[in-house]
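Coordinate analysis (summary)
Each chain is listed here by its residues.
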Amino acid sequence: MNCGECVYGCTDVVLRTTLQKFGVEVTYADTTNLESVEAAIKENTKLIYFESLTNPTMELTDIAAISKLAHEKGILVAVDNTFTPPPEVYPLKEGADIVLHSCTKYINGHGDVISGAIIGSTELITPIRKGVTSKICGTTPSPFNSFLLLRGLQTMELCMARHCENGMAFATLG
Ligand SMILES: *Cc1c(COP(=O)(O)O)cnc(C)c1O
């Protein structure tokens, strides 16, 4: 597996400790630089994983360019899109195979649910749903948390527009 140099702290822990126990080898690359990604690809690389906008360093990665490179070599691309959710960035349209979201953040929008989502083709997601993850990792949300998430989604588009407006005002402060 090939991973962006900067990923969310807990993701880094999973990659460096949990996955190592299952024999998953992780190489790191600067995903803002296509040559760095290409150089880090090994014979056994099956997945390239990165954040569309990194937490916390705020670096953007060209999803389409990495997806093209990966697919030429038969490698899958997974993007953590937590910081640039719809209607901002649609990684699947850019060519990624799997998209992840922490729904704890913008998707819930009210700071009162811990949740996540993984999105992709039926072929890729079915083994995750039917296998270990949904059965023993506590990934099934409660009805109440699901209700809170659906409530958040109803105003998400408006909230994202305001987040972007505020962000731009802040970025362009004299
Ligand atoms: C917060 C965050 C996560 C993890 O989210 P939780 O829902 O708090 O577990 C994963 N990836 C990124 C980019 C995040 O910012």
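The sections below set out a description of the structure shown in this document. Note that this is a predicted model, so its numbers are computed, not measured. (Residues numbered from 1 in each chain as written. Predicted model: local features only at pLDDT ≥ 70, side-chain atom pairs only at ≥ 80, totals over all residues. Heavy atoms only, no water.)

Examining helix H1 (residues 9-21)
The first and last C-alpha atoms of H1 sit 18 Å apart over 13 residues, in line with the 18 Å expected at 1.5 Å per residue. Maximal helix bending in H1 amounts to about 35 degrees, located at Leu15. Directly beyond the C-terminal end of H1, a positive phi value near 80 degrees is found at Gly23. (Helix = DSSP H or I, 4+ residues; strand = E, 2+ residues; numbered from the N terminus. Expected span 1.5 Å × (residues − 1). Bend = angle between axes of the 7 residues up to and from the residue.)

Considering the site of the ligand
Close contacts around the ligand come from Tyr8, Glu51, Asn55, Asp80, Thr82, Phe83, Ser102, Thr104, Lys105 and Ser115, and that covers them all. Residue Asp80 places a side-chain N or O atom 2.6 Å away from a nitrogen atom belonging to the ligand. At 2.4 Å, a side-chain N or O of Thr104 approaches an oxygen atom of the ligand. Across the complex, the protein chains shield 80% of the 380 Å² of accessible surface that the ligand would expose by itself. In this structure, the ligand is accommodated by the largest pocket. Broken down by class, the residue content of the shell around the ligand amounts to two nonpolar, five polar and three charged. (Near = heavy atom within 4 Å. Polar contact = N/O pair within 3.5 Å; in protein donor to acceptor, adjacent residues only side chain to side chain. Areas by Shrake-Rupley, 256 points an atom, 1.4 Å probe, with all protein chains shown as cover. 1 Å grid on protein atoms, 1.4 Å probe; cavity = no way out; pocket = protein on both sides within 12 Å on 5 of 7 lines; lining within 4 Å. Sits in = over half its atoms within 2 Å of the grid points. Nonpolar A, V, L, I, M, F, W, Y, C, P; charged D, E, K, R; others polar.)

Comments concerning the side chain of Ser67
Locating Ser67 in the fold gives a position in helix H3 (residues 63-72). By relative accessible area, which is 2% here, Ser67 ends up buried. (Buried < 20%, exposed > 50% of the residue type's maximum accessible area, 1.4 Å probe, protein only.)

Observations regarding the nonpolar core
Inside soluble globular proteins, nonpolar side chains tend to come together where they are buried. If you look at the biggest cluster of nonpolar residues, it comprises 14 residues, and the most contacted ones within it are Val37, Ile48, Phe50, Val77 and Val79. Elements with a minimum of two residues in this core: helix H2 (34-40), strand E3 (47-51), H3 and strand E4 (76-80). With four residues, H3 is the single largest residue contributor to this core. Excluding anything up to four places from it in sequence, Val37 contacts Asn2, Ala29, Asp30, Thr31, Ile48, Ile66 and Leu69. In terms of nonpolar packing, the next biggest core, distinct from the first, is built from eight residues, Met1, Cys3, Leu15 and Val26 among them. (Core = buried A, V, L, I, M, F, W, Y, C linked by side-chain atoms within 4.5 Å. Contact = heavy atoms within 4.5 Å.)

Some remarks on the sheet that holds strand E5 (residues 98-102)
Sheet strands pair by backbone hydrogen bonding; their relative direction is either parallel or antiparallel. Taken in spatial order, the six strands line up as E2-E1-E3-E4-E5-E6 in an open sheet, and their pairing is mixed. Each edge of the open sheet carries a strand with a single partner, namely strand E2 (27-29) and strand E6 (116-120). Direction aside, the axes of adjacent strands within the sheet are offset by 20 degrees on average. Direction of pairing for E3 relative to E4: parallel, over a ladder of five bridges. Across the sheet, the residue bridging to Glu51 is Asp80, located in E4. Across the sheet, helix H5 (residues 122-130) is in contact with E4, E5 and E6; its angle to E6 comes to roughly 140 degrees. (Pairing = 2+ DSSP bridges. Axes fitted to C-alpha atoms, helices over the stretch in contact; angles between N-to-C directions.)

What about the layout of surface pockets?
Taken as a whole, the largest pocket holds about 2000 Å³ of empty space. In terms of lining residues, the largest pocket is bounded by 50 residues, among which Leu100, Ala117, Ile118, Thr133 and Thr139 are the most central. When residues of the lining of the largest pocket are traced back to their parent elements, those giving at least two are H1, E3, E4, E5, E6, H5, helix H6 (132-136) and helix H7 (143-154). It is H1 that contributes the most residues to the lining of the largest pocket, six residues altogether. Residue classes in the lining of the largest pocket are distributed as 30 nonpolar, 15 polar and five charged. Along the walls of the second largest pocket sit Leu53, Met58, Phe83, Thr84, Glu88, Tyr106, Met160, His163, Cys164, Gly167, Met168 and Ala171, which together make up its complete lining. Each residue belonging to the lining of the second largest pocket can be placed in one class, and the counts come to eight nonpolar, three polar and one charged. (Points joined across faces, edges and corners; volume = space filled by probe spheres on them.)

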